Amino acid sequence: MNSRPKRIAIVRLSALGDIINSAVVVQFVRRHLPDAEIDWIVEEAFAPVLQPHPDLDAVHTVPLKRLKREKSPSLLKKTLDELRSFGPYDLVIDLQGLLKSAVVARLAGKNVHGFDAASAREGLAAKFYRSRSRIPYETNIVRRNCDLVGEALGFRVTDGDILAKAPALAVGERPAFLRDTPRYIAVVVGASWASKRYPADRLAEVCDRLPLPCILVWGNPQEKADAETVAHKSANASVAPPLTLPQLRDLVGHADLTVGGDTGPTHLAWALNRPSVVLFGPTTPRMMFETPRNVAIESDSPVDLGRIDKNDMSIATIPPETIAETARRLL
């Protein structure tokens, strides 16, 4: 860029895991542009995980799910007016690469940077950008986010920078129900796809093999039922109460270890510089940035990133003893 932008907006609307894996970029923007105003535009349901944030000046929300559900002309007009009011921005960076995020970015500002048509998830999104980066879709997701922001703003984020990062999100006090539990392991029961979930009976075996109490995290009635099954089978596991996103973030932020599938709550551990074991079946460790304390365990199933098989249930073939052994090593 010819001049250093003073007002920057980052657009990453959803989903939770992608927002968590994107949040690391904020500290690098702040490091290289300490005087810039940095805002984030996000789907309203996910905003609490970003709040408060030491390097963000504002978190703006858009009600895309409500718009789709309610189909209200007045809500649409209100949303469009609010989007235009967020700016003016010197630069808007679309980290999502979808048509909906590109439209949101373009409404927030004229100078938008994003992925080119060959590397965006939806190539049509690139038509809304003034400048573009070609970063192959198969690139590690954290690396991809950092490269896009770095190219947009004229700096380079190295792997060493990522490994030495500060926590990407703020952490508050541990949830009240854990104040008398000085050490524990967060176990993430659910995920958006059934094929990303480790079976409850095998998860109970894992909990039985671990040296600290396991707190089972869930997000909907089916996941709660699965958590109750695990707790029934393992005396070392207990079901967490319903959690808000900030409470979930704080629970993981104070855990000695987090174990779970390729899903947002598990990836919180990496974002917060806490140890984790992440289980992969239909997806690959491209979805995390592995470190000595954030370890991936994959099934033997081949994965085609261009055609992910959501029915690949191979995560169930990962032996419980392999997970427990890795967890004990990290502890």
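Parameters at a glance
- Residues numbered from 1 in each chain as written.
- Predicted model: local features only at pLDDT ≥ 70, side-chain atom pairs only at ≥ 80, totals over all residues.
- Heavy atoms only, no water.
- Pairing = 2+ DSSP bridges.
- Helix = DSSP H or I, 4+ residues; strand = E, 2+ residues; numbered from the N terminus.
- Axes fitted to C-alpha atoms, helices over the stretch in contact; angles between N-to-C directions.
- Contact = heavy atoms within 4.5 Å.
- Polar contact = N/O pair within 3.5 Å; in protein donor to acceptor, adjacent residues only side chain to side chain.
- Salt bridge = Lys/Arg side-chain N within 4 Å of Asp/Glu carboxyl O.
- Buried < 20%, exposed > 50% of the residue type's maximum accessible area, 1.4 Å probe, protein only.
- Phe/Tyr/Trp six-rings, centres within 6.5 Å; stacked < 30°, edge-to-face > 60°.
- Lys NZ or Arg CZ within 6 Å of the ring centre and 35° of its normal.

J.: Which parts of the structure should I look at to understand the sheet that holds strand S8 (residues 214-217)?
T.: Strand order in the open sheet formed by six strands is S9-S8-S7-S10-S11-S12, with parallel pairing between adjacent strands. Whereas interior strands pair on both sides, the edge strands pair on one side only; in this sheet they are strand S9 (237-239) and strand S12 (294-298). If you compare each strand with its neighbour and ignore which way they point, the axes differ by 20° on average. Taken together, the five bridges between strand S11 (residues 276-280) and S12 define a ladder with parallel strand orientation.

J.: Could you clarify how one ought to interpret the sheet that holds strand S3 (residues 58-62) in this entry?
T.: Pairing between the strands of a sheet is mediated by backbone hydrogen bonds and can be parallel or antiparallel. Judged by pairing direction, the sheet is parallel, and its six strands sit side by side in the order S3-S2-S1-S4-S5-S6 without closing on themselves. In this open sheet, the two edge strands, each paired with only one partner strand, are S3 and strand S6 (131-133). On average, each strand axis in the sheet is inclined to that of its neighbour by 20°, with strand direction left out of account. As judged from the three bridges shared by strand S5 (residues 112-115) and S6, these two strands associate in the parallel manner. Residue pairing for S6: His-113 is matched across the bridge by Ser-131. Packing against the sheet, helix H2 (residues 25-32) makes contact with strand S1 (7-11) and strand S2 (37-43), and its axis sits at approximately 165° to S2. This element, helix H4 (residues 73-86), spans S1, S2 and S3 of the sheet and lies at about 155° to S3.

J.: Just to check I follow, could you spell out the side chain of Asn-273 for this structure?
T.: In this structure, Asn-273 sits in the loop between helix H11 (264-271) and S11. For Asn-273, the side chain forms a polar contact with the side chain of Lys-165, separated by 2.3 Å.

J.: What's the story with the pattern of salt bridges in this structure? I'm lost.
T.: A pair can form between side chains of opposite charge whenever their charged atoms are brought close. In total, this model carries 19 salt bridges according to the counting rule given. The closest approach of N and O atoms between Asp-116 and Arg-134, which form a salt bridge, is 2.5 Å. Note that Asp-116 is positioned in the loop between S5 and S6 and Arg-134 in the loop between S6 and helix H6 (141-153), a separation of 18 residues in sequence. A relative accessible area of 10% places Asp-116 in the buried class.

J.: What should I look at first to understand the packing of aromatic side chains in this one?
T.: What characterises a pair of aromatic rings is the spacing of the ring centres plus the angle enclosed by the ring planes. Counting across every chain of the model gives one aromatic pair. Between the aromatic rings of Trp-270 and Phe-289, the centroid separation amounts to 6.5 Å while the plane-to-plane angle is 45°, which identifies the pairing as tilted. Here Trp-270, found in helix H11, pairs with Phe-289, found in the loop between S11 and S12; they are 19 residues apart in sequence, far enough to count as distant. For Trp-270, a relative accessible area of 4% translates into the label buried. The aromatic ring of Trp-270 is capped on one face by Lys-165, whose charged end is 4.2 Å from the ring centroid.

J.: What am I meant to see in the environment of Val-278 here?
T.: Within the secondary structure layout, Val-278 lies in strand S11. You can call Val-278 buried: its relative accessible area is 1%. The contacts of Val-278, once residues within four sequence positions are left out, are Gly-260, Gly-261, Asp-262, Thr-266, His-267, Met-288, Val-295, Ala-296 and Ile-297.

J.: Looking at this model, I keep getting lost on unusual backbone geometry. Mind explaining?
T.: When glycine is set aside, most residues are seen to have a negative phi, and most peptide bonds are trans. Cis geometry marks the peptide bond from Gln-51 to Pro-52, where omega comes out at -10°. Residue position: Pro-52 is located in the loop between S2 and S3. Residues Gly-87 and Pro-88 are joined by a peptide bond in cis, for which omega reads 5°. Summarising the element assignment, Pro-88 is placed in the loop between H4 and strand S4 (91-94). You will see that Asn-273, though not glycine, has its phi angle at about 60°, which is positive.

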